[in-house]
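Read off the chains here:
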Amino acid sequence: MKHKGHNVYMVSGGVTKFAKSTPEMDFRLRVKKAFDYALNDANISLSDIDGSVASYFSDHFQRQLMSGIMVQDYLGLTPKPSKRVEGGGATGGLAFQTGVQEIASGRMDVCAVYGFETMSHVNTWKGNEFIALASDTNFDYPVGGFYTGYYAMMAVRHMHEFGTTVEQLAKVSIKNHGNAIHNPYAQSPAKLTIDDVRNSPMVAYPLTRLDVCTMSDGAAVAILASEEKAFEMSDNPVLIKSIGTGTDTMRLSDRPLGKVTLLPNEKESDYRNLKYPGVHSFRAGRTAAKEAYEGAGITDPLEELDVIELHDAYTSSEIQTYEDLGLCKYGEGGPFIDEGKSELNGKVAVNPSGGLLASGHPVGASGIMQGVFMFWQLQHTIKKHFKDDTLQVKNAKRGLIHSHAGTGTYVTATIMEAVK
Amino acid sequence: MTINRDAKMPETQSGTEVYSFDPLVVKSHYEIDYIHSYGQDSEFFRALGKKKLMGSKCKKCGYTYATPRGHCMMCGSETEWYQLPNEGRIHTFTTCYFGSEEFLSETPFNLIMVEFDGVDSLFMSRLVGADQEDMKIGMKVKAKFRRNQKFSPTDVYFVPL
Ligand SMILES: [Zn+2]
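To continue, consider the packing of helix α4 (residues 91–104) of chain A against helix α16 (residues 363–379) of chain A. Residue and element names in this part refer to chain A. Across the interface, α4 lies against α16 with an axial gap of 6 Å and an inter-helix angle of 60°. Judged by the inter-axis angle, α4 sits oblique to α16. Relative to α16, α4 is oriented so that their crossing is right-handed. Residue-level contacts link Thr91, Gly92, Gly93, Ala95 and Phe96 of α4 to Gly364, Gly367, Ile368 and Gly371 of α16. The residue inventory of the contact of α4 with α16, partitioned by class, reads three nonpolar, six polar and no charged.

Attention shifts here to the pattern of salt bridges. All names here are of chain A. This model, assessed by the stated rule, comprises 33 salt bridges over all chains. The closest approach of N and O atoms between Arg398 and Glu304, which form a salt bridge, is 3.7 Å. A residue pair is termed long-range when its members are at least 10 positions apart, and Arg398 in strand β13 (residues 398–404) and Glu304 in helix α12 (residues 301–304) qualify at 94 residues. Exposure remark for Glu304: the relative accessible area of 22% places this residue in the partly exposed category. Here Glu339 and Lys341 are joined by a salt bridge, their closest N and O atoms 3.0 Å apart. Through salt bridges with shared partners, a single ionic network connects Lys83, Glu102 and Arg107.

Moving on to the coordination of the zinc ion. All names here are of chain B. Those donors, Cys58 (SG), Cys61 (SG), Cys72 (SG) and Cys75 (SG), are the protein atoms that reach the zinc ion, and they lie 2.3 to 2.4 Å from it. Coordination at the zinc ion comes from four donor atoms whose angles at the metal span 96 to 119°, giving a geometry best classed as tetrahedral. Here the donor residues of the zinc ion are spaced in sequence according to C-x2-C-x10-C-x2-C. Of this pair, Cys58 sits in strand β3 (residues 54–58) while Cys75 sits in the loop between β4 (64–65) and β5 (79–83); the two residues are 17 residues apart in sequence, bridging distant segments of the chain.

Right, let's get into helix α13 (residues 315–324) of chain A. All names here are of chain A. For α13, the tally of buried residues reaches 10 of 10 residues, placing the bulk of the element in the interior. For α13, the full list of buried residues reads Thr315, Ser316, Ser317, Glu318, Ile319, Gln320, Thr321, Tyr322, Glu323 and Asp324. Gly326, located one to two residues past α13, shows a positive phi value of around 75°.

All right, on to the nonpolar core then. Residue and element names in this part refer to chain A. In this structure, Phe96, Tyr322 and Met416 are the most contacted members of the largest nonpolar core, which totals 107 residues. Per-element tally for this core: the top contributor is α16, with 10 residues. If we ignore the near neighbours within four places in the chain, the residues touching Phe96 are Met10, Val113, Ala222, Leu224, Ile240, Ile368, Gly371, Ile401, Thr414 and Met416.

What counts and what doesn't
- Residues numbered from 1 in each chain as written.
- Chains lettered and ligands numbered in written order.
- Predicted model: local features only at pLDDT ≥ 70, side-chain atom pairs only at ≥ 80, totals over all residues.
- Heavy atoms only, no water.
- Axes fitted to C-alpha atoms, helices over the stretch in contact; angles between N-to-C directions.
- Helix = DSSP H or I, 4+ residues; strand = E, 2+ residues; numbered from the N terminus.
- Parallel < 35°, antiparallel > 145°, perpendicular 65-115°, else oblique.
- Left-handed = near helix turned anticlockwise from the far one by under 90°.
- Contact = heavy atoms within 4.5 Å.
- Nonpolar A, V, L, I, M, F, W, Y, C, P; charged D, E, K, R; others polar.
- Salt bridge = Lys/Arg side-chain N within 4 Å of Asp/Glu carboxyl O.
- Buried < 20%, exposed > 50% of the residue type's maximum accessible area, 1.4 Å probe, protein only.
- Donors = N, O, S within 2.8 Å, 3.2 Å for Na, K, Ca; no water.
- Tetrahedral: all angles 85-135°; square planar, octahedral: opposite > 155°, others 65-115°.
- Core = buried A, V, L, I, M, F, W, Y, C linked by side-chain atoms within 4.5 Å.

Right, dumping it as structure tokens:
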């Protein structure tokens, strides 16, 4: 086991309402609003912050390099230390973990992690082009660079390998859009049926418009602190119990066809004929979960986690991720949603916020947004922040946030625990 | 001395496209040509012009890649070029009905991942000559090559066998 470092807590958070386009303010003001919400929600002043981490994905959307320092400047955090962290869709998760490391190492007592993305500067199809530049631009992008296309191929293989159905994919969409009805920060709340999802325009077979998340403008801020500072600032901080990160090959084509990376609740004989990860599973997600579970002493994730916010950019990736996280065995992700295990009142609430599918996916903000929603869940303050108690997971004590990039190239898993 | 208190910036005929005044939203254009090198992968693109699909084979551990890569991800050793079979099978597929702006005019188009006998990894490509309903996992496909090379991975594509 690596050196664990000092205990790290989350003491406050803020999120802007995610929306397709909010031209009335730029990214700096958007972060400022989330930041001020976080400072006001706990006993924190600007001078308490020792430094920060900036989380944003693409320089193309804003055509502005060093956007991070512009936020640092606007928030009044100069000349304190800061850096940008970037890793595609997992940018937020990676930045959050970098903030954890700033505290765990003893370098900072209080660290602000701010995430943002302004995707409305270009139209949706240009936006898809920018995102597709996060695939290999020599070999994958020119063939027809389109992330929904890549995920569609993974979904088709998952369906072939395990018998997953399009109705099961649709159920993820129904659950997440439905949860979002009670989340005032969410971009696309909706009450849907399987027919709604299947009859919505096909984007890349088998994924329809309602199987895919949307472009979004948004910002989110998480304030992390050392144990001493955390209890000065808040009577209800949340412990960051452990972090895990995994990676995989840039090109989907290069994924090995080998053996499953096993979790403690699995054995080799569970997967005699499975070629892993292939293109049906995310080895980086499994690797991240394994490291995080080891750090938190979790051996049976389904029993030991109460709530999960995971990276559901596609309905298919939520089902794939149930398996990577070991909530069920590989191949059982479809039945897992069928049996309602990931529903708000199921065995483990997955994406009670509505996830990226319904909350929106302003890339650099998404992973921080998950941290904020999880923080409120574990504080049992959902009612205070959402003005609605519906999504509060009863008895939520321990949660996992999961952020995911590319075709599963960088994946983070972070375990958070209530202490009160 | 060149102090001139009547100096003016030159006025031009060009203007700015305005989408909205409140907030002020304007059009901002950006375009660039890159001088892009394929570096150690150059041979892959050159070979497509000779109707050859080249993969990589690890000199040390023998792992075979259906994609070009100079060094082996399994052991870190150097690879050598070797010619892939012209025929393979569909490992997975999709049909894109929408796409990135650059490819929107080509929709709908098929993306497939090809598996080759005796090769340890896959190859991503376009499949032409089949609709979504025609494609099946395991279906045999054959590589074809563009006559007029563009030095792009789409110089090779697949058709049903
Ligand atoms: Zn090797």
